[in-house]
Amino acid sequence: MSTHLLSAADLTRDEAVAILDTAAELARISGRTVKKLPTLRGRTVVNLFFEDSTRTRISFEAAAKRLSADVITFSAKGSSVSKGESLKDTALTLEAMGADAVIVRHGASGAPHRLAHSGWIDGVVVNAGDGTHEHPTQALLDAYTLRHHLADGEGALDGRRVVIVGDVLHSRVARSNVLLLRTLGAQVTLVAPPTLLPVGVEAWPCEISYDFDAALAGADAVMMLRVQAERMNAAYFPSTNEYSRRYGLDVRRASLLADGGIVMHPGPMNRGMEISAEVADGPRSVIVEQVTNGVHVRMAVLYRLLGAAEGPGASAEPTLSGSFEEAAS
Amino acid sequence: MTAADMPPGRASDFPDEAGSRVLDSDGISRILGRIAHEILERAHGAQDLVILGIQTRGVPLARRIAARMADIEGVPIPVGSLDITMYRDDLSLRGARPLHATDVPVDGIDGRLVVLVDDVLFSGRTIRAALDALSDLGRPRAVQLAVLVDRGHRELPLRADYVGKNIPTSRDQAVRVRVVEVDGLDEVVVSG
């Protein structure tokens, strides 16, 4: 892994598996009475959220706190950003406070990249969702959840079939998932109305279908995307009813999945629109589990990034994949 | 012994593979038997003992000691593993490492006599981290330390209760413990 996590494409297969393995061990620790680990004591993690978010912000905050980092949460509302402060000046302020890691969510695609490569800050940058571009830690937690249910919690996802359905155009989750799942060996099919597919989607490493039922047959998992009404400034489909009839997941459709197939949703859900309440709360749903897994995966990302970030001694093998230990200490 | 026999990432610790073997399989076996007896003797039996091996090579050593004790006492001895990676103080120097399993026996460690087992005692920093990790798992009645090799050069005020073999070394020498369960053979080699 480079020193930042900006895109799911930054991760090699070995690195991704190493993060998932680390997250799995951290999940075991979180089952005990004392959940806190001293690992990042003295490090400062800044949550820099220019867009509203509940679960991602809380998840990163919980992850950093469980590793004993000092956490500063910054949301654009109630900050100088609402007075017109630029990303650069905000970044310089954070740098002056000595941020070791900056978790950034921004409405503009590419903002985390700008932050990481502008020289404004020294800390590592983690993309927590930028515009309609990427959301790599969501993809990691989805991969973790898939691996847990479909691959006994080990290795990669070779040969597993995952269907991603809905508003791909506005979804950073879809792009990151396609990239990461592909890296992990899964076959991905996107299902969406043509109006909700981005330009250039045919170059993505996945298949595209307009027939939800056919794509679902025998699939190992289906990932429903939220219809992002707040980003829609045009009519992308005729009516809510028609959308949910063609691209909504109901009980009948969920039954088309393979035995043991799972239903996922990154949240927040529009119940009754892309997913029926019955399915969202049904036995195949792992939606709540995705949130829990998010904390462990983000702990793993922070640990591995901040562990690799500093010090000349780390330069020999700062990657996420190495198996290295000390002989005699 | 060729470089290919060594796990990845460790080659630089052992530039001179032609070190001298200070313990072989029989030697290690005798030492573990002696430590098992010593622990039982000092604890007056096996009533509330828990043996915890420190990842990675402390774990098979702990299992072997526990098995010896079980033979002697005729009762099973609770044994587990402790991964101290997240408790290390050198994250910023050495970088992130892969995690290993921490498995505590089902009855926990509260009120028990915990014997930590590691392969080599050197700076003492691993043991410091292990004590921190232990206190997050519960409150033992007492904690003792057993090591296969004590090579000196402590950087913290710690000592082992049970020492397999004292091996005087210089700081730039490397002490390599190999165990069958991880490395395919039992031996201790000093090189450099």
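Residues numbered from 1 in each chain as written. Chains lettered and ligands numbered in written order. Predicted model: local features only at pLDDT ≥ 70, side-chain atom pairs only at ≥ 80, totals over all residues.

Let's talk about unusual backbone geometry
In the segment running from A:G267 into A:P268, the intervening peptide bond is cis, with an omega of -10°. Looking along the chain, the bond that leaves B:Q55 and enters B:T56 is cis, with omega of 0°. Following the sequence through the fold, B:T56 ends up in the loop between β2 (49-54) and α2 (58-73). You will see that A:D152, though not glycine, has its phi angle at about 55°, which is positive. Look at B:H153: it is not a glycine, yet its phi comes out positive at around 65°. You can see B:H153 is positioned in the loop between β5 (142-150) and β6 (162-166). The exposure class of B:H153 is partly exposed, given the 16 C-beta atoms found within 10 Å. (Helix = DSSP H or I, 4+ residues; strand = E, 2+ residues; numbered from the N terminus. Buried ≥ 20, exposed ≤ 12 C-beta atoms within 10 Å, placed from the backbone.)

Re the packing of helix α1 (residues 25-43) of chain B against α2(B)
Residues and elements named next belong to chain B. Between α1 and α2, the shortest axis-to-axis distance is 9 Å and the interhelical angle comes to 60°. On the basis of the axis angle, α1 is oblique to α2. Seen along the crossing, α1 lies across α2 with a hand that is right-handed. Contact residues: α1 offers L32, G33, I35, A36, H37, I39 and L40, while α2 offers L61, R64, I65, R68, M69, I72 and E73. Residues of the contact of α1 with α2, tallied by class, amount to nine nonpolar, two polar and three charged. (Axes fitted to C-alpha atoms, helices over the stretch in contact; angles between N-to-C directions. Parallel < 35°, antiparallel > 145°, perpendicular 65-115°, else oblique. Left-handed = near helix turned anticlockwise from the far one by under 90°. Contact = placed C-beta atoms within 7 Å. Nonpolar A, V, L, I, M, F, W, Y, C, P; charged D, E, K, R; others polar.)

Comments concerning the domain arrangement of chain A
All names here are of chain A. Per the domain assignment, the segments making up chain A are domain 1 (8-135 + 290-315) and domain 2 (136-289). Placing the centre of domain 1 and that of domain 2 at their C-alpha centroids yields a distance of 25 Å. Every contact between the two is made by 29 residues of domain 1 and, on the other side, 30 residues of domain 2. Mapped by element, the contributors of at least two residues to the side of domain 1 that touches domain 2 are α1 (13-29), β4 (124-130) and α11 (287-309). At eight residues, α11 tops the list of elements feeding residues into the side of domain 1 that touches domain 2. Residues of the side of domain 1 that touches domain 2, tallied by class, amount to 14 nonpolar, ten polar and five charged. (Domains from an automatic or database assignment.)

So, the nonpolar core
Counting residues in hydrophobic clusters, the biggest one holds 153 residues, and the most contacted among them are A:V102, A:A143, A:V165, A:L302, B:I51 and B:I65. Examining the composition of this core, we find that ten residues originate from one element, α11(A), more than from any other. A domain split of this core shows at least three residues from each of domain 1 (8-135 + 290-315) and domain 2 (136-289) of chain A. Those residues in contact with A:L302, other than ones at most four positions away along the chain, are A:L40, A:V45, A:A63, A:A64, A:L67 and A:A101. (Core = buried A, V, L, I, M, F, W, Y, C linked by C-beta atoms within 7 Å.)

Some points on the sheet that holds strand β9 (residues 262-264) of chain A
All names here are of chain A. Taken together, five strands build an open sheet; the order of strands is β7-β6-β5-β8-β9 and the sheet is parallel. Of all the strands in the sheet, just β7 (207-209) and β9 have a single pairing partner and so form its edges. Within the sheet, the average angular offset between the axes of one strand and its neighbour, ignoring direction, is 20°. Sitting on the sheet, helix α6 (residues 172-183) touches β5 (161-165), β6 (187-191) and β8 (221-224), and the angle it makes with β6 is about 160°. (Pairing = 2+ DSSP bridges.)

Focus on the environment of B:G58
All names here are of chain B. Relative to the assigned elements, G58 resides in helix α2. The spatial distance from the C-alpha of G58 to the C-alpha of T102 is 12 Å, given a sequence separation of 44 residues. Excluding residues that lie within four positions of it along the chain, G58 makes contacts with G53, V117, D118 and D119.

Some words on the pairing of strand β8 (residues 187-191) of chain B
Residue and element names in this part refer to chain B. The sheet contact formed by strand β1 (residues 20-23) and β8 spans three bridges and is antiparallel. When the bridges of β8 are listed, R21 appears paired with V189. For strand β7 (residues 174-178) and β8, the ladder comprises five bridges, and the chain directions are antiparallel. Looking across to β8, one finds that V175 is bridged to V190.

A few points about the pairing of β4(A)
Of all seven residues in β4(A), seven are buried; the element is thus mostly enclosed. A crossover connection joins strand β3 (residues 101-106) of chain A to the parallel β4(A) through helix α4 (residues 111-117) of chain A; in handedness this β-α-β unit is right-handed. (Right-handed = clockwise from strand over helix to strand, strands pointing away.)

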